[in-house]
Amino acid sequence: MSNDAGTTDSGEGSTASVPWWIGRHPDPQAIVGRTAAVAQLVALVAGQRVVTLVGPGGAGKTALALATARAMVQPTLPEPVTVGVIVVECGRLPSERVAGDRADLIVEAVRATINVRPTGEGSVLELVIRQLRGRRPLLILDNAEHVRVSCMQVVDDLARACPSLRILVTSRRQLGLPSETVWEVEPLALPPTGETSPEALLDSPAVQLFVDLARRARRTLDLSAQLETVALICRQLEGLPLAIELAATRLRAMSLQDLADRLSIGAAEVGGSQDHRLPHQQALQATFEWSAQLLSPAERCLLGRLSIFPTAFDLAAAEEICSHSGLERAEIALLIANLVDQSMIQIIDDDQRTRYRLLNPIREFAENSCRETELSVTRRRHLRCCQKRLDRILLADATDESDLLIADFIANIENLYVAVEWALESGGAGAVTDAAELLARSRLVFDRDFGNLHTVVDYTHTGTLAYSDVLPAATHGRLRHWAPVLTTPAASHCRRNGTWKSHSAFSTPMTKPTGARWPTSTPASRRVPPRLLTLRRS
């Protein structure tokens, strides 16, 4: 079986001349001070089926996992440990606190990452197992702390069914499996207290990382005579890589001593005796608070509003959702540019457009720092933005634009999850009705991507059963009619257009079900399923 790296995978026991990689790639400059840890982890993962990297937010778990994966697929190795890497970002999934035990969401995330189309035969888990078994991949489940129980179930199932599979998890807590090996990701090593020798200070990985990032922030900056101050800053930040990165970027606009002074004041203010967080969490919180204090009121306001996005977002969405209550649409672009420059937002470039994202710890901080009333208004606008995008899909149905709109919506399906969860959690009649209408509008999307079908079934049952006394009769009736229909595989097959493409490393022959295409002689308006026409008229 051919993959995108030009290798051949023939099944159990096969080898690949050039390894493949699916998902996020490592940053070669993000692993300063972890060389020994990477070498040890390569050996550990090679000998253990399940390894979990645990540590506080910002400790560098993701960077360490990706660097380990990169080392494991080096073609220079006499016998590569794995023939390929799959990186699944669990941070986008809804929390178990809201969705409950949802192992199906983990399986769906794996399926979506390897881009394998459900066939309607067997469960999604069985499909994923068939694709992974015998191919010796390394599966990375990143940021799994908020779906720990669900992740534990899926990891256990995959490890039992796929003997050649290696699984590497990053989380703030271990999964709790008997077969699990836990590796604690410690903050970067700090120089000994009182050490003044430049050579000894530079032996510290934390100091090395800060100096490297500072030079990237200001190429002309020379810190050789200020290493003691650098060491002081690294101690204030508890050696946490993310905190060091955020602090180092401030050197674009201030001196090293000003940075140390400001950070010291901020840490004292945030880490007082009333704060019961762990020490390293206090330091990271202090970094975020200090960074936010350097923002203008409008920038900090926008940062809080942007925290409602569960994953990457584009400028158009930010302008539509966040321009209210004092922030004008025309100023959003400039504010986002300022936040990018101050390292509070990351840029994600693809072939078509620029997107943005907040790192998970920053998103949590921004959300907690934003007024609840302001967040509620923003979340309602977010929900209505999802409704408008679904309306565009309905209007464009049976046209070429429809496929593009549906693909874009599915790629960002977490927005729908977050919007519906917020509305159902709020319990207000207006918000719940909006959530129900959003689910009704999303019917065509879920019919086209039936890996997500059981997710929307749960949401519709919640909307129809738990809030039946709140919903308008027409909306309630539409959801009651739709939920049981979604569980029928044939209902999904009949609306597949046959244009789906899988990742070549996991492509499998498909048999198109009978009646999968509407007859080409049928007018476009009549190719829409009767139930969907009813949905539009109502």
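### Concerning the side chain of S204
Then step 1. With respect to the helices and strands, the residue S204 is situated in the loop between α7 (198-202) and α8 (205-217).
Then step 2. Discounting residues that sit within four places of it in the chain, S204 has contacts with A189, L190 and P191.

### Some points on the nonpolar core
Then step 1. Core analysis: the largest hydrophobic core is formed by 52 residues, its most contacted members being L53, L64, I140 and F210.
Then step 2. For this core, the leading source of residues is α8, giving seven residues.
Then step 3. Ignoring anything within four residues of it in the chain, the contact list for L53 reads L41, K61, L64, A65, L168, V169, T170, S171, W183 and V185.
Then step 4. Counting 36 residues, the second-largest nonpolar core is a separate cluster that includes I22, A103, A144 and A159.

### What about the pattern of salt bridges?
Side chains bearing opposite charge may pair, as long as their charged atoms lie close to each other.
Then step 1. One pass over the structure, following the stated rule, counts 13 salt bridges.
Then step 2. Residues R379 and E367 are paired through a salt bridge, measuring 2.8 Å at the closest nitrogen-oxygen approach. Placement of R379 in helix α17 (residues 372-395) and of E367 in helix α16 (residues 360-369) is noted, with a sequence separation of twelve residues between them.
Then step 3. You can call R379 buried: its relative accessible area is 12%.

### Remarks on the sheet that holds strand β5 (residues 166-171)
Note: strands within a sheet are paired through backbone hydrogen bonds, in either parallel or antiparallel orientation.
Then step 1. Taken in spatial order, the six strands make up an open sheet running β1-β3-β4-β5-β2-β6, and their pairing is parallel. Edge strands, defined here as strands with exactly one partner in the open sheet, are β1 (20-22) and β6 (180-184). Averaged over all adjacent pairs, the angle separating strand axes in this sheet is 15 degrees, with direction ignored.
Then step 2. Bridge count between β1 and strand β3 (residues 84-89): three bridges; the pairing is parallel. Counted as the bridge partner of I22 is I86 from β3.
Then step 3. In the packing of helix α2 (residues 61-72) onto the sheet, the strands contacted are β1, β2 (50-54), β3, β4 (137-142), β5 and β6, and the crossing angle to β4 comes to about 175 degrees.
Then step 4. Sheet strands touched by helix α4 (residues 103-114): β1, β3 and β4. Its angle to β3, the strand with the most contacts, is close to 130 degrees.

### With respect to unusual backbone geometry
Glycine aside, negative phi is the norm for most residues, and most peptide bonds take the trans geometry.
Then step 1. Located in the positive-phi region is N115, a residue other than glycine, with phi close to 60 degrees.
Then step 2. Along the chain, N115 falls in the loop between α4 and α5 (124-132).
Then step 3. Its relative accessible area of 32% is what places N115 among the partly exposed residues.
Then step 4. We note that N143 has phi near 60 degrees; this positive angle belongs to a residue other than glycine.
Then step 5. Relative to the assigned elements, N143 resides in the loop between β4 and α6 (148-161).

### Side note on the packing of aromatic side chains
Then step 1. Summed over the entire model, instances satisfying the criterion amount to two aromatic pairs.
Then step 2. Geometrically, the ring pair formed by F309 and F313 is stacked, given 4.6 Å between the ring centres and 20 degrees between the ring planes. Note on accessibility: F309 and F313 belong to one class, buried.

### Things to note about the sheet that holds strand β7 (residues 313-314)
Then step 1. Spatially, β7-β9-β8 is the arrangement adopted by the three strands of the open sheet, whose pairing is antiparallel. Both outer strands of the open sheet, β7 and β8 (346-349), are each paired with one neighbouring strand and no more.
Then step 2. Two strands pair when backbone bridges link them, and β8 and strand β9 (residues 354-357) are joined in this way by four bridges, in the antiparallel orientation. The partner of I347 across the bridge, within β9, is Y356.

### Some points on the environment of A30
Then step 1. Relative to the helices and strands, A30 is located in the loop between β1 and α1 (35-47).
Then step 2. A30 gets classed as partly exposed once you look at its relative accessible area, which sits at 36%.

Basis of the calculations
All residue numbers refer to position in the chain's written sequence, counted from 1. This being a predicted model, a pLDDT of at least 70 is required before a residue's local features are given, and a value of 80 or more before pairs of side-chain atoms are given or counted; all residues contribute to the totals for chains, interfaces and linings. Side-chain numbers come from the whole structure's heavy atoms, not from hydrogens or water. In this description a helix means any DSSP run of H or I spanning at least four residues, a strand means any run of E spanning at least two, and both kinds are numbered starting from the N terminus. In this description, contact between two residues means that some pair of their heavy atoms is separated by no more than 4.5 Å. Within this scheme, the nonpolar core is defined by two criteria: the residues are buried Ala, Val, Leu, Ile, Met, Phe, Trp, Tyr or Cys, and they are joined through side-chain atoms within 4.5 Å. Working definition: with a 1.4 Å probe on protein chains only, accessible area under 20% of the residue-type maximum means buried, over 50% means exposed, and in between means partly exposed. What counts as a salt bridge is simple: a side-chain nitrogen of Lys or Arg found within 4 Å of a carboxyl oxygen of Asp or Glu. Strands were regarded as paired on the criterion that DSSP finds at least two bridges between them. Only C-alpha atoms enter the line fits that serve as axes; for helices the fit covers just the stretch in contact. Angles between N-to-C directions range over 0 to 180 degrees. What counts as a ring pair is set by centres within 6.5 Å for rings of Phe, Tyr and Trp (its six-membered ring), and what kind of pair is set by the plane angle: stacked under 30 degrees, edge-to-face over 60, tilted for all other angles.

Note that all results are geometric; they support no functional claim without further evidence.
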